[in-house]
Amino acid sequence: MNENQFDRLNTLVTDRELKKIGQKILQEERLTPDEGILLFEKGSLSWLGAMANFVRERKHGNKTYFNRNFHIEPTNICVFSCKFCSYSKLYAHKEEGWELSIEQMLDIVRKYDGQQVTEVHIVGGVHPKLTITFFADLLKAIKAHRPDLHIKGFTPVELDYMFRKAKVSVEEGMKFLHESGLDSLPGGGAEIFSPEIREQICSDKVDGEGWLKIHKVAHQLGMHSNATMLYGHIEKYRHRIDHMDKLRGLQDETGGFNTFIPLKFRNKDNEMSYLDESSIVEDMKMYAVARLYMDNFQHLKAYWPMLGRNNAQLSLSFGVNDIDGTIDDSTKIYSMAGSEEQNPSMSTAQLVQLIQQVKRQPVERDTLYKEIKDYSLQNVE
Ligand code: V47
Ligand code: SF4
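Residues numbered from 1 in each chain as written. Chains lettered and ligands numbered in written order. Predicted model: local features only at pLDDT ≥ 70, side-chain atom pairs only at ≥ 80, totals over all residues. Heavy atoms only, no water.

**Let's talk about the overall build of the chain**
Secondary structure assignment for the chain yields 15 helices and 13 strands. Relative to the compact-globule value of 21 Å for 381 residues, the chain shows a C-alpha radius of gyration of 20 Å, a close match. Seen through its principal axes, the chain has C-alpha atoms that stretch 60 × 50 × 40 Å. A burial count over the chain gives 59% of its 381 residues as buried. In the chain, once contacts between residues fewer than 6 apart in sequence are set aside, the share between residues at least 24 apart is 74%. For the chain, the accessible surface area stands at approximately 15,700 Å², while carbon and sulfur atoms represent 49% of it. Seen as two clouds, the 48 positive and the 55 negative side-chain charges of the chain have centres 2 Å apart. (Helix = DSSP H or I, 4+ residues; strand = E, 2+ residues; numbered from the N terminus. Rg over C-alpha atoms; globule rule 2.2 N^0.38 Å. Buried < 20%, exposed > 50% of the residue type's maximum accessible area, 1.4 Å probe, protein only. Contact = heavy atoms within 4.5 Å. Areas by Shrake-Rupley, 256 points an atom, 1.4 Å probe, with all protein chains shown as cover. Lys, Arg positive; Asp, Glu negative; His and termini not counted. Charge placed at Lys NZ, Arg CZ, Asp CG, Glu CD.)

**So, the sheet that holds strand β13 (residues 371-374)**
Taken in spatial order, the four strands of this open sheet run β11-β1-β12-β13, and their pairing is mixed. Either end of the sheet is taken by a strand with one partner, and the two such strands are β11 (322-325) and β13. Taking each pair of neighbouring strands and ignoring which way they run, the sheet shows an average axis angle of 30°. Lying over the sheet, helix α15 (residues 348-357) contacts β1 (63-67), β11 and β12 (361-365), oriented at roughly 160° with respect to β1. (Pairing = 2+ DSSP bridges. Axes fitted to C-alpha atoms, helices over the stretch in contact; angles between N-to-C directions.)

**Regarding the environment of M174**
Structurally, M174 is set in helix α8 (residues 170-180). We classify M174 as buried; its relative accessible area is 0%. Between the C-alpha atoms of M174 and H215, which are 41 residues apart in sequence, the distance is 9.6 Å. Apart from the residues within four sequence positions on either side, M174 is in contact with L159, F163, L182, L185, I214, V217, A218, L221 and M223.

**Some thoughts on a nonpolar patch on the surface**
Residues I280, V281 and L314 make up a contiguous nonpolar surface patch of about 210 Å² in total accessible area. With respect to the helices and strands, I280 occurs in helix α12 (residues 280-293). Take I280: its relative accessible area is 34%, and that puts it in the partly exposed class. (Patch = residues over 30% accessible without salt bridge, like charges linked within 9 Å, V, L, I, M, F, W, Y side chains within 5 Å. Salt bridge = Lys/Arg side-chain N within 4 Å of Asp/Glu carboxyl O.)

**A word on the domain arrangement of the chain**
According to the domain assignment, the chain consists of domain 1 (3-60) and domain 2 (63-374). Put simply, the middle of domain 1 and the middle of domain 2, counted by C-alpha atoms, are 29 Å apart. The interface of domain 1 with domain 2 comprises 22 residues on the first partner and 32 residues on the second. In terms of surface lost to domain 2, no three residues of domain 1 exceed F40, R56 and H60, which account for 36% of the buried area on that side. Linking domain 1 with domain 2 are three salt bridges. The salt bridge partner of E57 is R360, with a shortest N-O separation of 2.9 Å. Counting across the domain 1 and domain 2 interface gives 14 residue pairs in polar contact (both at pLDDT 80 or more). Those elements that provide at least two residues to the side of domain 1 that touches domain 2 are α3 (33-42) and α4 (45-60). Broken down by element, the residue count for the side of domain 1 that touches domain 2 peaks at eleven residues, all from α4. Looking at the side of domain 1 that touches domain 2 residue by residue, the classes come out as eleven nonpolar, six polar and five charged. (Domains from an automatic or database assignment. Buried area = accessible area lost by both parts, 1.4 Å probe. Polar contact = N/O pair within 3.5 Å; in protein donor to acceptor, adjacent residues only side chain to side chain. Nonpolar A, V, L, I, M, F, W, Y, C, P; charged D, E, K, R; others polar.)

**Section: the pairing of β13**
Looking at chain direction, β12 and β13 are connected through three bridges and run antiparallel. Directly across from V363, in β13, lies its bridge partner D374. Between β12 and β13, which follow one another and run antiparallel, lie five residues, and Y369 among them has a positive phi close to 70°.

**Some details on the nonpolar core**
Within the largest apolar cluster, 70 residues are counted, with the highest numbers of intra-cluster contacts made by L39, M244, L247 and F260. Among the elements that take part in this core, α12 stands out by supplying eight residues, more than any other. Looking at this core, you find at least three residues from each of domain 1 (3-60) and domain 2 (63-374). Sequence-distant contacts of F260, defined by excluding residues within four places in its chain, comprise A227, T228, M229, M244, L247, A290, M294, F297, H299, L300 and K301. If you look at the next biggest cluster of nonpolar residues, it comprises 37 residues, including I72, W98, I132 and L149. (Core = buried A, V, L, I, M, F, W, Y, C linked by side-chain atoms within 4.5 Å.)

**What to know about the packing of helix α2 (residues 16-26) against α4**
Relative orientation of the contacting elements α2 and α4 amounts to 10°, with a least axis distance of 11 Å. When the axes of α2 and α4 are compared, the pair comes out roughly parallel. Side by side, α2 and α4 meet where L18, I21, G22, I25 and L26 of the first sit next to W47, M51, F54, V55 and R58 of the second. Each residue belonging to the contact of α2 with α4 can be placed in one class, and the counts come to eight nonpolar, one polar and one charged. (Parallel < 35°, antiparallel > 145°, perpendicular 65-115°, else oblique.)

**Describing the side chain of E35**
Within the secondary structure layout, E35 lies in helix α3. A relative accessible area of 10% means that E35 is categorised as buried. Reaching out from E35, the side chain makes a polar contact with the backbone nitrogen of T32 at a distance of 2.9 Å.

**Focus on the packing of helix α5 (residues 102-111) against helix α6 (residues 132-145)**
Running from amino to carboxyl end, α5 crosses α6 at an angle of 30°, the nearest separation of the two axes being 10 Å. Relative to α6, the element α5 lies roughly parallel. Like other packed secondary-structure pairs, α5 and α6 cross with a definite hand, here right-handed. Across the interface between the two elements, I102, M105, L106, V109 and R110 from α5 touch F134, D137, L138, A141, I142 and H145 from α6. Of the residues assigned to the contact of α5 with α6, the class counts are eight nonpolar, one polar and two charged. (Left-handed = near helix turned anticlockwise from the far one by under 90°.)

As structure tokens, then:
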């Protein structure tokens, strides 16, 4: 869509405030929190989608990124008790959980020997006995085996616990893990920053300020990271905007975030199962508003194992330009919460096809969005 088409579309909106927001989007002006809330409350799905798609194409054209990665989940035993979590086994029920040794985790890495994966994503529960030195040894062992593999690991929830247990500052702890081989941080553990909601859904783990501080320190050490938001449960639109506003503020300061990943709350087998899940219309509005509000985030990711393949395709018309990676079926955190994909595994050829089916341009990237291969003209093996 060019600027004239955009103007024409914006004249179809009758609401004066939305029309003004449309003009700001065209001029690349930043939206205020009140304008963000208004988008959720008054924006129609078609208008939000058109605006978000305009911004997406202004930034990236048709390019749609994915990467080749695999996951390691060291343990599902967790000292915390987030109400939305279907995954953790409290320490009291640890016989139902798993706990991998460094050797077992190296076996997972070895499974990918000779394959063109670029990233390992390490995330799990917070086991009371696993220490910062255990994880530093894991990082060193992975790097010794495969130095080229980018290690994206540990949320501020895991890190905060590790640092407090080791009695080190965030700065000391992050530096130690970075020097041991940690390259970047995934986006997890953010949930909703607002204390009013956080207290009701995950009161005992690191708070919003602590989450932001750990990412800030990582950025100051030259590391990059991702950011997530868990939406579609008991939060209101203003809490979503507050969350995105805090991330946008930190991104202004450091520029260290790669991508923003809204995560739809799934209601299977957790203490919040009584809640309905958000509709697909709400999900697409969420992506569109994120694209419009988070003006300093280059990338917006839909995590396909959680959203499902068809909805991930749809999201590419609502601002999304990344659909994560060729994850294999060892990822349990989502299937246990009721994700669309019970067996989230897709080959490169399947991912490329998924993107091409909706007439977008598949581009393989590494963790830091360096382009590895453009599949627009080729068929994949
Ligand atoms: O923080 C837990 C979420 C997150 C549920 O950085 C749930 O590339 C929905 O952050 N319904 C961890 N979500 C996973 C994560 C992630 C995933 C993929 C890619 C990246 C990345 C990061 O999973 C948690 C929490 O918000 N989660 N339970 C649930 N019932
Ligand atoms: Fe533990 Fe993470 Fe589950 Fe919370 S979401 S209970 S921190 S595994």
